[in-house]
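Results of the structural survey
Here is how the chains run, residue by residue.
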Amino acid sequence: MGQWRLSIEGMSLTNSPMGSSFAFPGPQGARPATSWENKRWCQSLLWVPRLLFQRQCQRPSEREESTDCLCAAHSEGATQPPPEKRPMDTVRIAVVGAGVMGLSTAVCISKMVPGCSITVISDKFTPETTSDVAAGMLIPPTYPDTPIQKQKQWFKETFDHLFAIVNSAEAEDAGVILVSGWQIFQSIPTEEVPYWADVVLGFRKMTKDELKKFPQHVFGHAFTTLKCEGPAYLPWLQKRVKGNGGLILTRRIEDLWELHPSFDIVVNCSGLGSRQLAGDSKIFPVRGQVLKVQAPWVKHFIRDSSGLTYIYPGISNVTLGGTRQKGDWNLSPDAEISKEILSRCCALEPSLRGAYDLREKVGLRPTRPGVRLEKELLAQDSRRLPVVHHYGHGSGGIAMHWGTALEATRLVNECVQVLRTPAPKSKL
Amino acid sequence: MAGTMRVVVIGAGVIGLSTALCIHERYRSVLKSLDVMVYADRFTPLTTTDVAAGLWQPYLSEPSNPQEAHWNQQTFNYLLSLIGSPNAANMGLAPVSGYNLFREAVPDPYWKDIVLGFRKLTLRELDMFPDYSYGWFNTSLILEGRKYLQWLTERLTERGVKFFLWKVESFEEVVREGADVIINCTGVWAGALQPDPLLQPGRGQIIKVDAPWLKHFVITHDPERGIYKSPYIIPGLQAITLGGIFQLGNWSETSNIPDHNTIWEGCCRLEPTLKDAKIIGEWSGFRPVRPQVRLEREQLRFGSSNTEVIHNYGHGGFGLTIHWGCAQEVAKLFGKILEERNLLRIPPSHL
């Protein structure tokens, strides 16, 4: 290994346990157009314009192919192909977003992709993310643009992952609990058994006696499922990210190019932020308002099949909901809506009239016809930035998160393989 | 005085208070004057009922007296009918679902069609309980003793029923106070008023913890050891009850460490997250165990007066489960007494 010579001009440094350091541009941070070809910056050293790292090779006889080592000692200005990674080199991955998608993807990558460093970058962290507002019930929605088999796979993978946690001593720390209850219908549905029926536990149709409790409803499902609560689960994931050597950084990213060239791959888990970061007009908010109340005697969930009215008992409160307001970006709770939610829920569960300590919360579901789970190679001039998009789960974030995180991780792995494969020399 | 009835209920647990309420509800309007009084040396939170976890669930095997099965069902149906009311939680009443676990296949219980949604456990559900290979899932009800007794006390007070802190030493002294009918709801201490070799204490000890993430009851069974000698976890309206002690003939009311350890180890094995649970307290109580519930009339002669006693005790570990059916039955017997004495203004409506 060569010696590191380091000169810093003004920017703050953060040290990671992996030994690499980097700094970020300030808010004005426009990068000058330095290119790999001309500057020969070595990997894992950052960044322009203020910070310079130079690695010097100690023994020229040991140096590899000049294309592999990009330090100043070895090349004099000839045009070089895009950066490659030797198999041993650390791939630097930035995960944008620290909701359930960002954090779970970071954990998956740290477990499944060898030789990479992970940095989670977000402007919001628990308890201020959308994932913190979600009740976290594992009752999946249906995405019109995704094949049912795929959705079932994602849901099953998530369920199995959380089921293992709920059966362990860590369940309470991780915010995962087992809860039984009913999904009730005001008219008999065309599909009496949903695709996820054999993923949850003990699924069956409600008996006539059970339906007597809900005079406005004529049909129902009874089953046991899981509830995964953001305010406990996200910190639990964060601990895992850090425990596996990952870094967590607070910063608002306005443009994915800010991450170049400090990072080799970007995983975009920015939810609604992708409207700006990925220029995706297909994603829009579906506003959800909920009440989190004290009603500890409520032990079952009750969900109207419309998805508009639900009662979800959690670890330390009961979530009453809700609303589905398309295109509404307003994060402030509306008192009229709260009254109306309470009234709808009391109609299903009259004992809720005794609920106390009511708190209003609003979340904007990052909604899209289908989850965006795909690679994109950003290109600008001679710069290249591989991005894996992982966002747009709408109302199914918690329910699908682990399955989609695993898939995102596979895509990241593909990007890593590409980076580690030596490119054929271009004829110039 | 014609048309006046003085009823003394001895005992202020769930049996005493619910019987008092049932009688008053049914007969106040058909009698010229009805005076119901409750005499007890223990009131909530010091009764046996206060220690009970409160889950509606009869024993697994059929009772020797088939009437008991009927009273269990009556109680469940009555409580279920109150579930839609906004007051349910104030009464201590809420639906709860959960698991009964066994080490081998067993026949379905006789009450499987009384509870809601009874079914066998699937293999994936059994994976959650590695020590058990068979089980049931069903939805039942919690009727929390303390809350329910408070609620019954309020209802009785509204109706003008009076409560007296009094350790009754004999039926005779109650008769001397002017009682026409005595309802004997003295539970495990009935033997002090009238020897009953069939009645024994079935001592239980429980630990109450704060573990609000647990939403299901989990009751394990070891048929060789007997009922409630195997760990159980039963959520109440706020706290969770952990138990698994049933000691016949043990009159010790203080909680002890060996039993604490038995309960704690057994329940933590069943539910590892209990390690994070905060212990709120520990209590002991005596299930009034008897081969059958004693629910019958008896005439006692003291001097010149004939006093009717209706016994209603010996409900073992299913007092809350059976209480309303028994209260109705006592009310029926009471009605017969009124008929015999020609005290009814109008025939009692069949409620």
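Residues numbered from 1 in each chain as written. Chains lettered and ligands numbered in written order. Predicted model: local features only at pLDDT ≥ 70, side-chain atom pairs only at ≥ 80, totals over all residues. Heavy atoms only, no water.

Here we look at the overall build of chain B
Stated formally: Secondary structure elements follow DSSP: runs of H or I of four or more residues count as helices, runs of E of two or more count as strands, with numbering from the N terminus. A 1.4 Å probe rolled over the protein chains alone gives each residue an accessible area, and that area as a share of the maximum for its type sets the label: buried under 20%, exposed over 50%, partly exposed in between. The contact definition used throughout considers only heavy atoms, calling two residues in contact when any of these lie within 4.5 Å. When charges are tallied, Lys and Arg are placed among the positive residues and Asp and Glu among the negative ones, while His and the ends of the chain are skipped. Think of each charge as sitting on NZ of Lys, CZ of Arg, CG of Asp or CD of Glu.
Along its length, chain B carries 9 helices and 15 strands. The 351 residues of chain B split such that 60% are buried. Within chain B, contacts between residues separated by at least 24 positions form 78% of all contacts whose residues are at least 6 apart in sequence. Here chain B contributes 34 positive and 36 negative side-chain charges, whose respective centroids are spaced 4 Å apart.

Digging into the UniProt feature "binding site: D-dopa" (unreviewed entry) in chain B
Residue and element names in this part refer to chain B. Counted only if it meets this: UniProt positions are given in the numbering used here, feature names are shortened, and annotations may be inferred rather than shown by experiment. Using a grid of 1 Å spacing that covers the protein atoms alone, one calls a set of points a cavity when a 1.4 Å probe fits there but cannot get out, and a pocket when the set is open and has protein on both sides within 12 Å along at least five of seven lines; lining residues are those with an atom within 4 Å of a point.
Within this numbering scheme, the UniProt entry marks Gln 57, His 221, Tyr 232, Arg 287 and Gly 317 as carrying the feature "binding site: D-dopa" (unreviewed entry). Cross-referencing the annotated residues with the second largest pocket identifies Gln 57, Tyr 232, Arg 287 and Gly 317 as lining it. Mapped onto the secondary structure, Gln 57 falls in the loop between α2 (48–51) and α3 (66–81). Ignoring sequence-local partners within four residues, the contact set of Gln 57 consists of Asn 100, Trp 111, Phe 217, Ile 219, His 221, Tyr 228 and Thr 321. The topology assignment puts His 221 in the loop between β9 (216–220) and β10 (232–235).

Examining the side chain of Ser97(B)
Our working definition: Two N or O atoms count as a polar contact when they lie within 3.5 Å, although within protein this holds only if one can serve as hydrogen donor and the other as acceptor, and sequence-adjacent residues are included solely when both atoms are side-chain atoms.
Secondary-structure assignment places Ser97(B) in strand β3 (residues 93–102). Ser97(B) gets classed as buried once you look at its relative accessible area, which sits at 3%. For Ser97(B), the side chain forms a polar contact with the side chain of His300(A), separated by 2.6 Å. Ignoring anything within four residues of it in the chain, the contact list for Ser97(B) reads Ser180(A), His300(A), Phe137(B), Asn138(B), Thr139(B), Lys215(B), His216(B) and Phe217(B).

Examining the UniProt feature "domain: FAD dependent oxidoreductase" (unreviewed entry) in chain B
In the numbering adopted here, UniProt assigns the feature "domain: FAD dependent oxidoreductase" (unreviewed entry) to residues 6–333 of chain B. Helix makes up 28% of residues 6–333 of chain B and strand 31%, and the two end C-alpha atoms of the span are 15 Å apart.

Description of the packing of α3(B) against helix α9 (residues 319–340) of chain B
Residues and elements named next belong to chain B. This is how the line gets drawn: Angles here are taken between N-to-C directions and fall from 0 to 180 degrees, while the axes themselves are lines fitted to C-alpha atoms, restricted in helices to the stretch in contact. Any angle from 65 to 115 degrees is called roughly perpendicular, while one under 35 is roughly parallel, one over 145 is roughly antiparallel, and all others are oblique.
At a closest axis distance of 7 Å, the pairing of α3 and α9 adopts a crossing angle of 100°. By the angle between their axes, α3 is roughly perpendicular relative to α9. Contact with α3, carried on its side by Gln 67, Glu 68, Trp 71, Asn 72, Gln 74, Thr 75 and Tyr 78, involves Leu 320, Thr 321, Ile 322, His 323, Trp 324, Gly 325, Cys 326, Gln 328 and Glu 329 of α9 and no other residues of that element.

What about the environment of Ile337(A)?
Residue and element names in this part refer to chain A. By secondary structure assignment, the location of Ile 337 is in helix α9 (residues 335–348). For the pair Ile 337 and Gly 175, spaced 162 residues apart in sequence, the C-alpha separation works out to 28 Å. The residues touching Ile 337, leaving out its near neighbours within four places in the chain, are Arg 287, Gln 289, Thr 323 and Gln 325.

Quick notes on the pairing of strand β5 (residues 134–143) of chain B
Residue and element names in this part refer to chain B. Condition: For two strands to count as paired, DSSP must find a minimum of two bridges between them.
With 10 of its 10 residues buried, β5 lies for the most part within the structure. Direction of pairing for strand β4 (residues 116–120) relative to β5: antiparallel, over a ladder of 3 bridges. Paired with Lys 120 across the two strands is Trp 136, which belongs to β5.

Some points on the sheet that holds strand β6 (residues 116–122) of chain A
All names here are of chain A. The strand order across the open sheet formed by 6 strands is β10-β6-β5-β11-β19-β18, and the pairing between neighbours is mixed. Sheet topology places β10 (247–250) and β18 (372–380) at the edges, where each strand pairs with a single neighbour. Direction aside, neighbouring strands of the sheet carry axes that sit 25° apart on average. Across 3 bridges, the pairing between strand β11 (residues 265–268) and strand β19 (residues 383–391) is parallel. Considered in β19, the bridge of Asn 268 is made with His 389. Each of β5 (91–96), β6, β11 and β19 touches helix α2 (residues 100–112); the most contacted strand, β6, lies at about 175° to it.

Section: α3(B)
Using the following cut-off: Expected helix span is taken as 1.5 Å per residue step, with the number of steps being one fewer than the number of residues.
Between its first and last C-alpha atoms α3(B) spans 23 Å; for 16 residues at 1.5 Å apiece the expected length is 22 Å, and the two agree. Elements in contact with the buried residues of α3(B): β3, β5, α6 (145–158), β14 (294–302) and α9 of chain B.

Side note on the UniProt feature "domain: FAD dependent oxidoreductase" (unreviewed entry) in chain A
Look at the UniProt record and you will see "domain: FAD dependent oxidoreductase" (unreviewed entry) annotated at residues 92–410 of chain A. Span residues 92–410 of chain A is 28% helix and 32% strand, its end C-alpha atoms 16 Å apart.

A closer look at the interface of chain A and chain B
Applied cut-off: Two parts lose some accessible area (1.4 Å probe) when they are put together, and adding that loss for both gives the buried area. A pair is scored as a salt bridge if a Lys or Arg side-chain nitrogen falls within 4 Å of a carboxyl oxygen belonging to Asp or Glu. Charged residues are taken to be Asp, Glu, Lys and Arg, nonpolar residues to be Ala, Val, Leu, Ile, Met, Phe, Trp, Tyr, Cys and Pro, and polar residues to be all remaining types, Gly included.
Residue-level contacts link 36 residues of chain A with 31 residues of chain B. Note on chain A versus chain B: buried area summed over both sides is about 2800 Å², and carbon and sulfur give 59% of it. When the area that chain A buries against chain B is broken down by residue, the three leading residues are Glu172(A), Trp297(A) and Lys299(A), summing to 21%. Our enumeration of links across chain A and chain B arrives at 0 salt bridges. Linking chain A with chain B are 9 residue pairs in polar contact (both at pLDDT 80 or more). It is strand β7 (residues 176–185) of chain A that contributes the most residues to the side of chain A that touches chain B, 5 residues altogether. The residue makeup of the side of chain A that touches chain B, split by class, is 17 nonpolar, 9 polar and 10 charged.

What about the pairing of β5(A)?
All names here are of chain A. Rules: Consider the strands pointing away from the viewer: the crossover is right-handed when the path from the first strand over the helix to the second runs clockwise.
Taking burial as the measure, the 6 residues of β5 include 6 buried ones, the bulk of the element. Alternating residues of β5 divide into Val 91, Ile 93 and Val 95 and Arg 92, Ala 94 and Val 96, and every residue in both groups is buried. With α2 bridging β5 and the parallel β6, this β-α-β connection has right-handed handedness. The pairing of β5 with β11 spans 4 bridges and is parallel. Its bridge partner lying in β11, Val 95 is registered against Val 267.

Concerning the sheet that holds strand β7 (residues 181–184) of chain B
Residues and elements named next belong to chain B. What the 6 strands build is an open sheet, ordered β6-β2-β1-β7-β15-β14; its pairing is mixed. The sheet is open, and its two edges are formed by β6 (162–165) and β14, each paired on a single side. Here the strands of the sheet are splayed against their neighbours by 20° on average, with no regard to which way each runs. Where β7 and strand β15 (residues 305–313) come together, 4 bridges link them in parallel fashion. By the bridge assignment, Ile 183 is partnered in β15 with Ile 310. Taken strand by strand, helix α1 (residues 14–27) contacts β1 (4–10), β2 (33–40), β6, β7 and β15, and its axis lies near 175° from that of β2.

As for the state of the cysteines
Our working definition: Any cysteine sulfur atom paired with another within 2.5 Å is treated as part of a disulfide.
Overall, the coordinates contain 0 disulfides over all chains when judged by the stated rule. With no disulfide of its own, Cys269(A) lies 10 Å from the sulfur of Cys108(A), the closest cysteine sulfur. This cysteine, Cys22(B), is not joined by any disulfide, and Cys326(B) carries the nearest cysteine sulfur, 11 Å off. With relative accessibility at 2%, the residue Cys22(B) sits in the buried group.

Side note on the layout of surface pockets
Residues and elements named next belong to chain B. Going by this rule: Grid points are joined across faces, edges and corners, and a volume is the space filled by probe spheres set on the points.
For the second largest pocket, the calculated volume is near 940 Å³. Along the walls of the second largest pocket sit 50 residues, with Thr 47, Thr 48, Thr 49, Phe 286 and Pro 288 positioned nearest its centre. Of all elements in the fold, only α1, β2, α2, β8 (200–210), β10, β13 (278–289), β15 and α9 reach the threshold of two or more residues within the lining of the second largest pocket. A per-element tally of the lining of the second largest pocket places β13 first, with 4 residues. Classifying every residue of the lining of the second largest pocket gives 27 nonpolar, 19 polar and 4 charged.

Things to note about the pattern of salt bridges
Residues and elements named next belong to chain A. Overall, the coordinates contain 38 salt bridges over all chains when judged by the stated rule. A salt bridge links Glu 374 to Arg 372, with the shortest nitrogen-to-oxygen separation between them at 2.6 Å. Glu 374 gets classed as partly exposed once you look at its relative accessible area, which sits at 37%. Glu 376 is paired through a salt bridge with Arg 372; the nearest N and O atoms lie 3.4 Å apart. The structure contains a network of salt bridges with shared partners spanning Asp 123, Arg 252 and Glu 254.

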